[in-house]
Amino acid sequence: MSHAGLPRWLWLPAACGAAIVIVPIIGLLAQVPYAKLWNLISSDSALSALRLSLQTSLAATGLCVLGGVPLAFVLARARFPGRRVLRSLGLLPLVLPPVVGGIALLYTFGRMGLIGRYLEAGGISIAFTAIAVVLAQTFVSLPFMVMTLEGALRSTDPRYERIAAGLGASPTRSLLTVTIPVLAPALASGTVLCFARALGEFGATLTFAGSLQGRTRTMPLEIYLARETDPAQAIALSVVLMVIAFTIVAATYRTPKQARA
């Protein structure tokens, strides 16, 4: 383990910072009813919530890729009036309480919302459906893709794109064959972070989609409800979600071999 050039005094505050995160996790694990863990996490309601969470999180991640990647390119490479305002609005869900996002979605796509009233007239209902879950998860997750990819774009040398353009490549061909491959690690990280954020979404989902078992009740909502009726199951389901989140984070931020040498 190498720590050349690292001041010794940093270890104490670093340990305190790590303890703030690690100790509560240990506290949770200490309360897990391991003897009946499988029975608690394999109930019909738990499996239904987990299935819905995985399905909607994958759908939301797909929307984040489709919308977030182009938005990141526009913010990083284009110059136009209002670009700073657009960036601020695009990243707003990062600091906005999720419940506020849920209310905004409700008054946009709800039955009497800005867009929802016209959808309802056409027989399309979004609020309190699985589609609402996906939209809520997308709303809170998309900024992670934009932030990750825009930062990578700003640190990437654009000369490769200029060389490709000099060789006759169209902007689209240059994007697909030069820029995207260079940004592949950042794109992968942004995608995984979007999935992880969507998987853990609670406030916007509850406000906009409700908590209907088998339809809109995701794993975080199932945990919240179980906390009141069956604390042991809430603990067990929390551990399941924590293991999934840990796996995602570990896979995203694994240390390269050359950095460990």
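Residues numbered from 1 in each chain as written. Predicted model: local features only at pLDDT ≥ 70, side-chain atom pairs only at ≥ 80, totals over all residues. Heavy atoms only, no water.

Asker: Which residues make up the overall build of the protein, and what are the values?
Answerer: Across its full length, the protein carries 14 helices and zero strands. Ordered by position in the sequence, the α and β elements of the protein form the string α-α-α-α-α-α-α-α-α-α-α-α-α-α. Considering only C-alpha atoms, the protein reaches an extent of 65 × 65 × 30 Å along its principal axes. Scored against the burial criterion, the 261 residues of the protein give a buried share of 38%. A fraction of 74% describes how many contacts in the protein between residues 6 or more apart in sequence connect residues 24 or more apart. Element-wise, carbon and sulfur atoms account for 69% of the exposed surface of the protein, whose accessible area totals about 15,200 Å². (Helix = DSSP H or I, 4+ residues; strand = E, 2+ residues; numbered from the N terminus. Buried < 20%, exposed > 50% of the residue type's maximum accessible area, 1.4 Å probe, protein only. Contact = heavy atoms within 4.5 Å. Areas by Shrake-Rupley, 256 points an atom, 1.4 Å probe, with all protein chains shown as cover.)

Asker: Tell me about the packing of helix α3 (residues 44–77) against helix α4 (residues 83–91), and please be specific about residues and values.
Answerer: Axis angle and axis distance: for two packed helices, these are the angle between their axes and the distance between the axes, and together they describe the pair. Look at α3 against α4: their axes get within 10 Å of each other, and the N-to-C directions meet at 145°. Seen along the crossing, α3 lies across α4 with a hand that is left-handed. Across the interface between the two elements, Leu71, Val74 and Leu75 of α3 pack against Arg83, Leu86 and Arg87 of α4. (Axes fitted to C-alpha atoms, helices over the stretch in contact; angles between N-to-C directions. Left-handed = near helix turned anticlockwise from the far one by under 90°.)

Asker: Could you give an account of the side chain of glutamine 137, naming the residues involved and the relevant values?
Answerer: When you line up the elements, glutamine 137 lands in helix α7 (residues 130–154). Ignoring any residue separated from it by four or fewer positions in sequence, one finds glutamine 137 in contact with Thr56, Ser57, Ala60, Ala198, Glu201, Thr205 and Thr218.

Asker: Quick one: what's the story with the pattern of salt bridges, residue by residue and with numbers?
Answerer: For the coordinates displayed, the defined rule picks out five salt bridges. Between glutamate 150 and arginine 87 there is a salt bridge, with its nearest N and O atoms 2.7 Å apart. One end of the pair, glutamate 150, is in helix α7; the other, arginine 87, is in helix α4, with 63 residues separating them in the sequence. Both residues of the pair, glutamate 150 and arginine 87, count as buried. Residue arginine 217 pairs with glutamate 222 through a salt bridge whose shortest N-O separation is 3.7 Å. A relative accessible area of 17% means that arginine 217 is categorised as buried. Look at glutamate 222 and you get buried, because its relative accessible area is 5%. Members of the salt-bridge network, linked through shared partners, are Arg87, Glu150 and Arg154. (Salt bridge = Lys/Arg side-chain N within 4 Å of Asp/Glu carboxyl O.)

Asker: Provide a residue-level description of the nonpolar core, including the pertinent values.
Answerer: In terms of nonpolar packing, the biggest core is built from 17 residues, with Phe73, Val146, Leu149 and Leu183 touching the most fellow members. Broken down by secondary-structure element, the contributors of at least two residues to this core are α3, α7 and α10 (184–199). With seven residues, α3 is the single largest residue contributor to this core. Judged by nonpolar contacts, the second largest core, of 15 residues, contains Ala46, Leu50, Met219 and Ile248. (Core = buried A, V, L, I, M, F, W, Y, C linked by side-chain atoms within 4.5 Å.)

Asker: Account for the packing of α7 against α10, naming residues and giving values.
Answerer: Closest axis-to-axis distance for the α7/α10 pair is 8 Å, and the angle between their directions is 160°. Classified by the angle between their axes, α7 and α10 sit roughly antiparallel to one another. The chirality of how α7 crosses α10 is right-handed. Counted together, Gln137, Val140, Ser141, Phe144, Met145, Thr148, Leu149 and Ala152 of α7 and Ala186, Leu187, Ser189, Gly190, Thr191, Leu193, Cys194, Arg197 and Ala198 of α10 form the full contact between these two elements. Its residues placed into classes, the contact of α7 with α10 shows 10 nonpolar, six polar and one charged. (Parallel < 35°, antiparallel > 145°, perpendicular 65-115°, else oblique. Nonpolar A, V, L, I, M, F, W, Y, C, P; charged D, E, K, R; others polar.)

Asker: Account for the UniProt feature "domain: ABC transmembrane type-1" (unreviewed entry) in the protein, with residues named and values stated.
Answerer: Sequence positions flagged by UniProt for "domain: ABC transmembrane type-1" (unreviewed entry) are, in local numbering, residues 50–250. As a span, residues 50–250 carries 77% helix and 0% strand, and end to end its C-alpha atoms are 20 Å apart. (UniProt positions renumbered as here; feature names shortened; annotations may be inferred.)

Asker: Requested: an account of the packing of aromatic side chains, with residues and values cited.
Answerer: The final tally for this structure, using the stated rule, is two aromatic pairs. Ring plane angle 45° and centroid distance 6.5 Å describe the contact between phenylalanine 109 and phenylalanine 208, whose orientation is recorded as tilted. With a gap of 99 residues between them, phenylalanine 109 in helix α5 (residues 98–109) and phenylalanine 208 in helix α11 (residues 203–209) connect regions that are remote in the sequence. Here the aromatic rings of phenylalanine 202 and tyrosine 224 are separated by 5.3 Å at their centres, their planes lie at 55°, and the arrangement is tilted. One end of the pair, phenylalanine 202, is in the loop between α10 and α11; the other, tyrosine 224, is in helix α12 (residues 219–229), and 22 residues separate them in sequence. (Phe/Tyr/Trp six-rings, centres within 6.5 Å; stacked < 30°, edge-to-face > 60°.)

Asker: Which residues make up the UniProt feature "transmembrane region" (unreviewed entry) in the protein, and what values do they have?
Answerer: When the UniProt feature table is mapped onto this chain numbering, "transmembrane region" (unreviewed entry) sits at residues 9–32, 52–76, 88–109, 121–153, 174–199 and 234–253. Summarising residues 9–32: 83% helix, 0% strand, and an end-to-end C-alpha distance of 36 Å. In this annotation, residues 121–153 is assigned 76% helix and 0% strand; the end-to-end C-alpha distance for the span is 42 Å.

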